[in-house]
Amino acid sequence: MSTTSSVAEPAPARAAAPKVAPVVNDLAIRVGTVNGSGSQSANLVLLRSLYAMGIPCSGKNIFPSNIEGLPTWFHIRASARGYGAHRADPDILVCMNEVTAQDDVSELKPGAICLYREDFSVDLPSLRDDVTFLAAPFYKLVEQAYPPDKTDKGYRDKLRKVVNMVYVGVLASICRIDMEAVEQGVRREFPGRKAKAAEINIAAVHTGYEWAQANLPTNLPYRVERMESTQDKILIEGNKAAALGVLFGGTSVLTWYPITPSSSLAEYAEGFLKQHRTDAEGRKSFAVIQAEDELAAIGMAIGAGWAGARALTATSGPGISLMTEFVGMGYFAEIPVVIIDVQRMGPSTGLPTRTSQGDVLKMHLLGHGDCRHIVLLPGSVEECYELVIEALDLAQQFQTPVFVATDLDLGMNLWLSEPFRYPDKPLQRGKLLNAADLERIGEFARYKDVDGDGVCYRTIPGTENPMAAYFTRGTGHNEKSGYSERPEDWKKNLDRLALKLETARKALPAPIIEGDPSAQVGLLAYGGSHVAMAEARDQLQEQGVRTGYCRIRALPVSDEVTHFIERHQRVYVIEQNRDAQVTSLLKTTLRGTIADRLVPVTHYSGTPISAENIVRPILGWEKNPSGPGWPTGDVERDNPHASHVEQPSPE
Amino acid sequence: MASEATITVESNGRSFALPTVAFQGLPSTLCKGCGHNSITSYLIEACKSIGLNPYQTVKLSGIGCSSKTPAYFLQASHGFNALHGRMPSVATGALMANAKLVCIGISGDGDTANIGLGQFKHACRRNVPMVYIVEDNGCYGLTKGQFSATADLKAHLRRPTGEENTIAPFDLCVEAIVGGASFVARSFAGDKKQLVPLLKAAIRHSGTAVIDIISPCVTFNDFAGSTKSWEWAKDHEEPLQDVGFVPRLAEIEVEQKVGEPVRVQLHDGSWIVLRALNHEEHDVKSRASALNLLEESLRKHEFLTGLLYVDTTRDDFATALNTVATPLALLSDEALRPSPETLAKIMETI
């Protein structure tokens, strides 16, 4: 292993940073690379090193819809206060891709550090004088760590990947990341048979580290120090968390069709099921099918739900569109099935790898004619796990399609979480009658409201009793499921379905309400926006705005949401869609004038939501509430010339 | 109850009697003389004759006139009238939930050859263990007679002088064989002698058993010159074989001798016995032979019926899933949800 640092010329640090006071354990790093360049391992090593040092952290891939060659970014956030949401203005930028370097530099916070490849033709330091530019000879350094091998035909390609570990070493030096934690992180990334690769990568890290020690300033402000805040915590993606929900929710049939960003959810789930639900003889207590399309995926799930399985499918917006007719039928024929929508930016194929909450209203109303569905809205990876389990139970209890609405940001990115808890109630089976029950009761009508709650009893195929069979249909039916076009049968059935949803509404996960109940300003958010809310509320508090906070966890919403709105004069509804979909829904259901209190705060650029996307528009509105339209969090995108210096910043 | 009014059912090693009414259904609301009604009566006869357990049977359909059929037979079975062309996916899901169910899917030519072609062929590809009946009349009856994708080239719309079809049809038996179905037959709603044993064999077959049944639409496609009319089919039908079905208890000589009937043993031990009539050269176990035969009959404008292809060696989809013996729909909490210790172990690895 070569650790010589004298080969490469020192890079002078140009432009002095205006801020020298150290910033400890409050760090946003952005790495700009190219899709397919193998930077993911390096980025995960950085993230896991911070985690190993006990510092709350999160990691995000901002990637294009492309396999190789387009720009991609990885964002790492480390925050002693536990803030995990996106920050659009990094403190440290690592520029490995010249194509995006100028744009990336323009988004840096004043006082930030830009580490870039010295072989760039563009003169980055000339772009800004409030940023510290550090040029590094990445390729010269990696060749020291991994000398050319003429016998290895794949050398150039491997070199291209190993070079990423050099910036890990440089950042370890700049930010004082523990090298022992870094080495452990590398070994974790290259386990078992990849041990040789691990050693090469560790050599690259050391080369970068030692070069930086010898050539770069050692008093740069952004640093980390060991903490004790990640002990017993896990770092996990929302899709993996939801996949554990699939496993512990007792799913017996999983159907799916590949679509970003939900594919990894199904793949993780299949892996967990194979590992934990296969018996000693290799027989499985589950079935997973990769269907030919989403039409078939939902059809299979509905067939399985009808026949008594705990059935689930996972998809994203365009898949939901294809599932529409079946979901409407599932509602009307009252078939238990769970659909997880890991939302991406639409319409149609839209931005396939960008995040959104644009399917919320669609999920709630999917179908034609009068349809309303239960939608669960996890706001954390822990809830991705818990609410998938809950959805499987609710689908059985209410014999209806149940949606779980996550999004790309929550689903595909790494978040810190408490370990997941084991479910505290047995699997819910709902009103299911077996042959002995039928014998005892002596009568059965599939769509008869026996208990007055809108929820009927059902039997499943294979029930050996002459009363059990009924005919499932999407067409109009009477209580015995016989075909009927009689107006009274139709209306009675539709009214019962409304009553059933009302019964369900009271059983759904309650909103979580916190903060100052006497504050004038209320904040209302749902789903993945929650990850930015604690930080946003702290920033608002620092700006003199006290807030109450209500997080909706299910549609239709509970009465507590109405009471929350009644307690506040203005309620900002944070939404990651243009048309303020949940605000619209609330305005159509809330009584009296309280609907006028709702002010949507929308963010729909495709980027993950940040606290700033919430705080800035709210502060603007609080100062000038008569402005046109409603606030938007996308100031930077809407106005690229907006001066950074004039923006309120907590730092 | 008189003994002639009951049917003995054998299921999972036990036998019990069910009234014949359990095998019947509601009165048909289809047109008088509809080929679908004949098929329904043969289905009832086939189910009764093999003592099929209605409780363990599901009947599914798509949309169209054909989709009503499940309401007209086996009223002690659960039925599902799914979406247009999407019965195969629902059937696949139901069989995943409970691989012990016997599944009879009824579709039409509009349902299968048009909107449902994809799902049909994927069911064949997976060899989903189901009977897949196409009640084929070359038109959309329920929407008043438009051409379907099995309407013959130069067929006429609704009457002898109606608009002419300029697009060549799909042959659903070719599609089924190419798609991977392991039992493919063509028959005629007017041929009880052939259809009843074919239906029995299809029910006993483990895999996708497709029977494309020409079933004349008396209202929109039963005029002189229509190739999907009663008269044309009766006049032109050329049965491939005399088809017989022998339940599994019979002792059958396995060895086949030249000139003797072909016997194919099905998964449950019963046999289908085929005595070739004109096409002695056809090998019912060869896809290539079946496709050649269909190509030849298309050229000759023959209406060839009988068992075209059968493969009893390939695993069906439920077998390939390799699930536990208990149907997934009936598993206990313990079987479905791993222990708290498992969760704790997983948490350590994350």
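Residues numbered from 1 in each chain as written. Chains lettered and ligands numbered in written order. Predicted model: local features only at pLDDT ≥ 70, side-chain atom pairs only at ≥ 80, totals over all residues. Heavy atoms only, no water.

1. Considerations on the overall build of chain A
Thinking step 1. What chain A contains, in helices and strands, is 20 helices and 24 strands.
Thinking step 2. Computed over the C-alpha atoms, the radius of gyration of chain A is 27 Å, within 12% of the 26 Å expected from 2.2 N^0.38 for a compact globule of 651 residues.
Thinking step 3. With the principal axes as the frame, chain A shows a C-alpha extent of 90 × 65 × 40 Å.
Thinking step 4. Within chain A, buried positions represent 61% of all 651 residues.
Thinking step 5. Restricting the contact set of chain A to residue pairs at least 6 apart, pairs at least 24 apart contribute 75%.
Thinking step 6. Counting only carbon and sulfur atoms, one obtains 50% of the accessible surface of chain A, whose full area is about 24,500 Å².
Thinking step 7. The averaged location of the 80 negative side-chain charges in chain A is 2 Å from the averaged location of its 67 positive side-chain charges. (Helix = DSSP H or I, 4+ residues; strand = E, 2+ residues; numbered from the N terminus. Rg over C-alpha atoms; globule rule 2.2 N^0.38 Å. Buried < 20%, exposed > 50% of the residue type's maximum accessible area, 1.4 Å probe, protein only. Contact = heavy atoms within 4.5 Å. Areas by Shrake-Rupley, 256 points an atom, 1.4 Å probe, with all protein chains shown as cover. Lys, Arg positive; Asp, Glu negative; His and termini not counted. Charge placed at Lys NZ, Arg CZ, Asp CG, Glu CD.)

2. What to know about the nonpolar core
Thinking step 1. Residues Trp306(A), Leu524(A), Ile552(A), Ile565(A), Leu60(B) and Phe80(B) are the most contacted members of the largest nonpolar core, which totals 102 residues.
Thinking step 2. At eight residues, helix H9 (residues 294-306) of chain A tops the list of elements feeding residues into this core.
Thinking step 3. Excluding anything up to four places from it in sequence, Trp306(A) contacts Ile335(A), Arg458(A), Ile460(A), Pro461(A), Tyr470(A), Thr472(A), Val58(B), Leu60(B), His78(B), Gly79(B), Phe80(B) and Ala94(B).
Thinking step 4. Within the second largest apolar cluster, 72 residues are counted, among which are Ile234(A), Leu392(A), Val455(A) and Val601(A). (Core = buried A, V, L, I, M, F, W, Y, C linked by side-chain atoms within 4.5 Å.)

3. What to know about the UniProt feature "domain: Thiamine pyrophosphate enzyme TPP-binding" (unreviewed entry) in chain B
Thinking step 1. Cross-referencing UniProt, the feature "domain: Thiamine pyrophosphate enzyme TPP-binding" (unreviewed entry) maps to residues 63-213 of chain B in the present numbering.
Thinking step 2. This span, residues 63-213 of chain B, is 32% helix and 23% strand, and a straight line between its end C-alpha atoms measures 17 Å. (UniProt positions renumbered as here; feature names shortened; annotations may be inferred.)

4. What to know about the packing of helix H1 (residues 35-50) of chain B against helix H6 (residues 192-204) of chain B
All names here are of chain B.
Thinking step 1. Their axes nearest at 9 Å, the elements H1 and H6 cross at an angle of 55°. Relative to H6, the element H1 lies oblique. By crossing handedness, the relation of H1 to H6 is classed as right-handed. Contacts between H1 and H6 involve Ile39, Tyr42, Leu43, Glu45, Ala46, Cys47, Ser49 and Ile50 from the first element and Lys192, Leu195, Val196, Leu199, Lys200, Ile203 and Arg204 from the second.
Thinking step 2. Partitioning the contact of H1 with H6 into residue classes produces ten nonpolar, one polar and four charged. (Axes fitted to C-alpha atoms, helices over the stretch in contact; angles between N-to-C directions. Parallel < 35°, antiparallel > 145°, perpendicular 65-115°, else oblique. Left-handed = near helix turned anticlockwise from the far one by under 90°. Nonpolar A, V, L, I, M, F, W, Y, C, P; charged D, E, K, R; others polar.)

5. Section: helix H5 (residues 179-189) of chain A
Residues and elements named next belong to chain A.
Thinking step 1. The complete set of buried residues in H5 reads Met179, Ala181, Val182, Gly185, Val186 and Glu189. The buried residues of H5 occupy one face: seen down the axis, they fall within an arc of 155°.
Thinking step 2. The elements touched by buried residues of H5 are helix H1 (39-52), helix H4 (155-175) and helix H6 (195-215).
Thinking step 3. Capping the start of H5 is the job of one residue whose side-chain oxygen sits 2.8 Å from the backbone nitrogen of glutamate 180: aspartate 178. (Arc of directions from axis to C-beta. Polar contact = N/O pair within 3.5 Å; in protein donor to acceptor, adjacent residues only side chain to side chain.)

6. Quick look at the interface of chain B and chain A
Thinking step 1. Each partner contributes to the interface: chain B provides 56 residues, whereas chain A provides 70 residues.
Thinking step 2. Taken together, the two surfaces of chain B and chain A that pack against each other cover about 5,000 Å², and 64% of this comes from carbon and sulfur.
Thinking step 3. Looking at the side of chain B facing chain A, the largest losses of area belong to His78(B), Arg337(B) and Ile350(B), adding up to 16% of the total buried there.
Thinking step 4. At the junction of chain B and chain A, the tally comes to four salt bridges.
Thinking step 5. Here Asp333(B) makes a salt bridge to Arg429(A), at a shortest N to O gap of 2.7 Å.
Thinking step 6. Counting across the interface, chain B meets chain A through 24 residue pairs in polar contact (both at pLDDT 80 or more).
Thinking step 7. Sorting the residues of the side of chain B that touches chain A by element identifies strand E2 (14-19), strand E3 (57-61), strand E4 (78-81), helix H2 (87-97), helix H4 (117-126), helix H9 (317-321), helix H10 (333-336) and helix H11 (340-349) of chain B as the ones contributing at least two each.
Thinking step 8. Ranked by the residues each element gives to the side of chain B that touches chain A, the list is headed by H2(B), at seven residues. (Buried area = accessible area lost by both parts, 1.4 Å probe. Salt bridge = Lys/Arg side-chain N within 4 Å of Asp/Glu carboxyl O.)

7. A closer look at the domain arrangement of chain A
Residue and element names in this part refer to chain A.
Thinking step 1. On domain assignment, one finds that chain A holds domain 1 (23-223), domain 2 (236-417), domain 3 (435-507) and domain 4 (512-623).
Thinking step 2. When each unit is reduced to the centre of its C-alpha atoms, the spacing between domain 1 and domain 2 is 35 Å.
Thinking step 3. Across the contact, 15 residues belong to domain 1 and eleven residues belong to domain 2.
Thinking step 4. For the pair domain 1 and domain 2, the summed buried area comes to about 1,000 Å², and 62% of that belongs to carbon and sulfur atoms.
Thinking step 5. Three residues stand out in domain 1 for area buried against domain 2, namely Lys60, Phe63 and Ser65, and they jointly supply 44% of the buried area on that side.
Thinking step 6. The tally of links from domain 1 across to domain 2 stands at one salt bridge.
Thinking step 7. With its nearest N and O atoms 2.8 Å apart, the salt bridge here joins aspartate 409 to lysine 60.
Thinking step 8. Counting across the domain 1 and domain 2 interface gives six residue pairs in polar contact (both at pLDDT 80 or more).
Thinking step 9. Along the lines of polarity and charge, the residues of the side of domain 1 that touches domain 2 split into nine nonpolar, five polar and one charged. (Domains from an automatic or database assignment.)

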